[in-house]
Amino acid sequence: MTDRDSGPSRDARDAPSASAAIAAGAALFDEERFLAARDVWEGKRRPPDDDESDDAERLLRGLAATAAATHRAGDGDRSGAAERADDAVVALASVSDPRGVALGPVREWAERLAAAPEDAGSAAAPRVRVDDGTSGFDGLSLAAAGLAATALAGADEPGDPTVFATATDLAREERGTGRTEFAELLFAYLRTPDARPQVAARLGDHVEREERKRRDVDGLF
């Protein structure tokens, strides 16, 4: 493994935000998908949040550095792990509002990685607890699920991240229409790793069909 750098209507509860990114990244981290978690927490797969405070930015930056350090430690890159863990320790130390994240175990893990990545690399990373519970894909909001699925598709899982981002927007448009196919496919992608190639292909077909329908309608006017 390598440490890669990698206008639809919206419901306010489901619009991408710092809270959605925290939840999505936590679920990915707990599944040991550390690079995908890093990408979500760094904001590479979500639009900027206008309401994101400096404190939230430090929290996300610290979580992202923790995920990157954990990946590098597991990959045998001790100096890289220590460097990113140091970044995490500094960022997380100044967080006053953890947005429901239990930061104690995360800080301790980052400190351990910074001090002795060769020892921590083989140890189990802590589960990231949000709002007094461990995060899982089942409990994610639609916005968080879209971020998580898109990040996975950008981290060598089957699928095109652009297609997944479009599918997330289309899933938001389904709200209140009685249709849930895009949301169901996004959650199916997260919950059934073995079926991801098939789910990604089906989702891609659905997105292409919907975009073709819209082009046909636009061509009438």
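Residues numbered from 1 in each chain as written. Predicted model: local features only at pLDDT ≥ 70, side-chain atom pairs only at ≥ 80, totals over all residues. Heavy atoms only, no water.

### Notes on the overall build of the chain
Along the chain, the regular secondary structure elements total ten helices and two strands. Here the chain holds 221 residues, and the buried ones make up 46% of them. Accessible area for the chain stands at about 10,700 Å²; split by element, carbon and sulfur atoms hold 46% of it. (Helix = DSSP H or I, 4+ residues; strand = E, 2+ residues; numbered from the N terminus. Buried < 20%, exposed > 50% of the residue type's maximum accessible area, 1.4 Å probe, protein only. Areas by Shrake-Rupley, 256 points an atom, 1.4 Å probe, with all protein chains shown as cover.)

### Remarks on helix 4 (residues 78-93)
Look at helix 4: 22 Å from first C-alpha to last across 16 residues, which is about the 22 Å you get at 1.5 Å a residue. Of all the residues in helix 4, the buried ones are Gly-80, Ala-81, Ala-82, Arg-84, Ala-85, Ala-88, Ala-91 and Leu-92. (Expected span 1.5 Å × (residues − 1).)

### So, unusual backbone geometry
Phi at Arg-99 is positive, roughly 55°, even though this residue is not glycine. Here Arg-99 is to be found in the loop between helix 4 and helix 5 (103-115). Since its relative accessible area comes to 26%, Arg-99 is described here as partly exposed. Positive phi, normally seen in glycine, also occurs at Asp-156, with a value near 75°. Structurally, Asp-156 is set in the loop between helix 7 (142-153) and helix 8 (161-174). Taking the relative accessible area as the measure of exposure, Asp-156 reaches 65% and is therefore exposed.

### Looking at the packing of aromatic side chains
Following the criterion strictly, the structure yields three aromatic pairs and no others. For the ring pair Phe-164 and Tyr-189, a centre distance of 4.5 Å and an interplane angle of 55° mean the geometry is tilted. You can see Phe-164 sitting in helix 8 and its partner Tyr-189 sitting in helix 9 (residues 181-191), a full 25 residues away along the chain. Take Phe-164 and Tyr-189: they sit in the same class, and that class is buried. (Phe/Tyr/Trp six-rings, centres within 6.5 Å; stacked < 30°, edge-to-face > 60°.)

### Section: the pattern of salt bridges
Applying the stated criterion across every chain yields a total of 14 salt bridges. Put simply, Arg-127 and Asp-30 hold a salt bridge, and the shortest N to O gap is 3.9 Å. Taken together, the residues span a long stretch of sequence, with Arg-127 in the loop between helix 6 (117-120) and strand 1 (129-130) and Asp-30 in helix 1 (residues 18-30) at a distance of 97 residues. The salt bridge involving Arg-84 is made with Asp-87; its shortest N-O contact spans 3.5 Å. Of the two residues, Arg-84 and Asp-87 both sit in helix 4, three residues apart, roughly one turn of that helix. Of the residues examined, Arg-84 reaches a relative accessible area of 18% and is grouped as buried. Here Asp-87 falls in the partly exposed class, since its relative accessible area comes to 39%. Through salt bridges with shared partners, one network takes in Glu-173, Glu-210, Lys-213 and Arg-214. (Salt bridge = Lys/Arg side-chain N within 4 Å of Asp/Glu carboxyl O.)

### Some remarks on the environment of Gly-80
Considering the arrangement of structural elements, one finds Gly-80 in helix 4. Since its relative accessible area comes to 5%, Gly-80 is described here as buried. Considering only alpha carbons, one finds Gly-80 and Pro-117, 37 residues apart in sequence, at a separation of 9.2 Å.

### Quick look at the confidence of the model for the chain
Chain-level statistics for the chain give a pLDDT mean of 87 and a share of 84% at 70 or above. Per-residue pLDDT, averaged within each element of the chain, yields its smallest value for strand 2 (residues 133-134) (70) and its largest for helix 4 (97). Across residues 1-15, where pLDDT falls below 50, the model places 38 contacts with residues more than four positions away in sequence or in other chains. (pLDDT = per-residue confidence, 0-100. Contact = heavy atoms within 4.5 Å.)

### Describing the side chain of Asp-30
Exposure remark for Asp-30: the relative accessible area of 11% places this residue in the buried category. Within the structure, Asp-30 has its side chain in polar contact with the backbone nitrogen of Val-128 (distance 2.8 Å). (Polar contact = N/O pair within 3.5 Å; in protein donor to acceptor, adjacent residues only side chain to side chain.)

### Side note on the packing of helix 1 against helix 7
Contact geometry of helix 1 with helix 7 gives a least axis separation of 8 Å together with a crossing angle of 50°. With respect to each other, helix 1 and helix 7 are oriented oblique. With respect to the hand of their crossing, helix 1 and helix 7 are arranged in right-handed fashion. Note on element contacts: helix 7 touches helix 1 through Ala-143, Ala-144, Leu-147, Ala-148, Ala-151 and Leu-152, opposite Ala-20, Ala-21, Ala-23, Ala-24 and Leu-28. Taken together, the residues of the contact of helix 1 with helix 7 break down into eleven nonpolar, no polar and no charged. (Axes fitted to C-alpha atoms, helices over the stretch in contact; angles between N-to-C directions. Parallel < 35°, antiparallel > 145°, perpendicular 65-115°, else oblique. Left-handed = near helix turned anticlockwise from the far one by under 90°. Nonpolar A, V, L, I, M, F, W, Y, C, P; charged D, E, K, R; others polar.)

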